[in-house]
Amino acid sequence: VLGPFSFYRFQSLSDEPGNIGTVCAFLLFPASECKKYKYSYIIFWIAGIFSFSAAFYILAAIHLLFSLKKQNIKFLLIAGVLVVILYNYFQEAFDLFILNRFAGDNLDSLDNRSTAEFDAHLKEAFMNGSLWLGKGFGVKIDTGGHGGVAGIKAYLWLYGIIGTAIILLGYIISYLKLLKKQSKSIRKYGLVFLLVFLISFYQRKI
């Protein structure tokens, strides 16, 4: 993806950098808990950072917040130095793709997986009761020609409130059953990951 200046965001084979950034952020959680994936952990950080995905930076910050006790001071110092160096070299890209989205006048751009036209259709469907069962798989989503729709709003439109709830409950119940078999510390960390997953699902598909 090319910005207004000559800079490419890392997106590998994905159709957009945000997909790579989100996946890399998810993979930070399990990789940080396993020594044999320590090099993969570093690669996920590098790929996520250079995707310049707001989702990566948000989810990675949550990962660090809940794993600070597990990280040594040496790692944090190295990470801090790297952040300063990277920002110094890529300030324009970082300001454009990340910081500007958190600016007061641009906060609405954080929720950029829908359009005003589609939101109006979604509200109308809820008011007339058709949103409970949804419109059905494959039904066209009218966005007014101003972009696409992803995440939970798309699920609600296609599968309805009931269908979306069944899908989410299925995922959550299966995940919690697997988590029960883990140690207490892993269970706590696993719950944080589940929260991060649900936050991400608001904007992206499962």
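Each remark here, short or long, concerns the structure printed above.
A quick note: this is a predicted structure, and the numbers were derived from the prediction, not measured.

**Concerning the environment of Tyr-159**
- Secondary-structure assignment places Tyr-159 in helix 7 (residues 152-179).
- In this structure, the C-alpha to C-alpha distance between Tyr-159 and Lys-135, residues 24 residues apart in sequence, is 6.6 Å.
- Not counting chain neighbours up to four residues away, the residues in contact with Tyr-159 comprise Leu-133, Gly-134, Phe-137, Thr-164 and Ile-167.

**Quick word on helix 1 (residues 17-31)**
- Compared with the 21 Å implied by 1.5 Å per residue over 15 residues, the 21 Å span of helix 1 between its first and last C-alpha is a close match.
- The element helix 1 is largely enclosed, with a buried count of 11 among its 15 residues.
- Among the residues making up helix 1, those that are buried are Pro-17, Gly-18, Ile-20, Gly-21, Thr-22, Cys-24, Ala-25, Phe-26, Leu-28, Phe-29 and Ala-31.
- Looking at the buried residues of helix 1, the elements they touch are helix 2 (38-51), helix 3 (54-65) and helix 8 (184-201).

**What about the nonpolar core?**
- With 20 residues, the main nonpolar core has Leu-28 and Phe-56 as its most contacted residues.
- Secondary-structure elements contributing two or more residues to this core are helix 1, helix 2, helix 3 and helix 8.
- Top element by residues in this core is helix 1. It accounts for 7 residues.
- In this structure Phe-56 touches Gly-21, Cys-24, Ala-25, Leu-28, Phe-44, Trp-45, Gly-48, Ile-49 and Ser-51, once residues within four positions along its chain are discounted.
- Counting residues in hydrophobic clusters, the runner-up holds 9 residues, among them Phe-118, Val-149, Ala-154 and Leu-158.

**As for the pattern of salt bridges**
- Taken as a whole and assessed by the stated rule, the structure comprises 1 salt bridge.
- Residue Asp-119 is joined to Lys-153 by a salt bridge in which the shortest nitrogen-to-oxygen separation is 3.1 Å. Taken together, the residues Asp-119 in helix 6 (residues 116-127) and Lys-153 in helix 7 connect sequence positions 34 residues apart.

**Observations concerning the packing of aromatic side chains**
- In total, this model carries 13 aromatic pairs according to the counting rule given.
- When the centroid spacing of 5.4 Å and the interplanar angle of 65 degrees are considered together, the rings of Phe-29 and Phe-193 count as edge-to-face. Of this pair, Phe-29 sits in helix 1 while Phe-193 is found in helix 8, placing the two residues 164 residues apart along the sequence.
- Their ring planes at 75 degrees and their centres at 6.4 Å tell us that Phe-50 and Phe-52 sit as a pair that is edge-to-face.
- Classification of Phe-50 by relative accessible area gives partly exposed; the value is 24%.
- Here the aromatic residues Phe-26, Phe-29, Tyr-171, Tyr-175, Tyr-189, Phe-193 and Phe-197 are joined through ring pairs into a cluster of three or more.
- Cation over ring: Lys-135 sits above Trp-157, and NZ or CZ is 5.2 Å from the ring centre.

Definitions and limits used
- Residues numbered from 1 in each chain as written.
- Predicted model: local features only at pLDDT ≥ 70, side-chain atom pairs only at ≥ 80, totals over all residues.
- Heavy atoms only, no water.
- Helix = DSSP H or I, 4+ residues; strand = E, 2+ residues; numbered from the N terminus.
- Contact = heavy atoms within 4.5 Å.
- Expected span 1.5 Å × (residues − 1).
- Buried < 20%, exposed > 50% of the residue type's maximum accessible area, 1.4 Å probe, protein only.
- Core = buried A, V, L, I, M, F, W, Y, C linked by side-chain atoms within 4.5 Å.
- Salt bridge = Lys/Arg side-chain N within 4 Å of Asp/Glu carboxyl O.
- Phe/Tyr/Trp six-rings, centres within 6.5 Å; stacked < 30°, edge-to-face > 60°.
- Lys NZ or Arg CZ within 6 Å of the ring centre and 35° of its normal.

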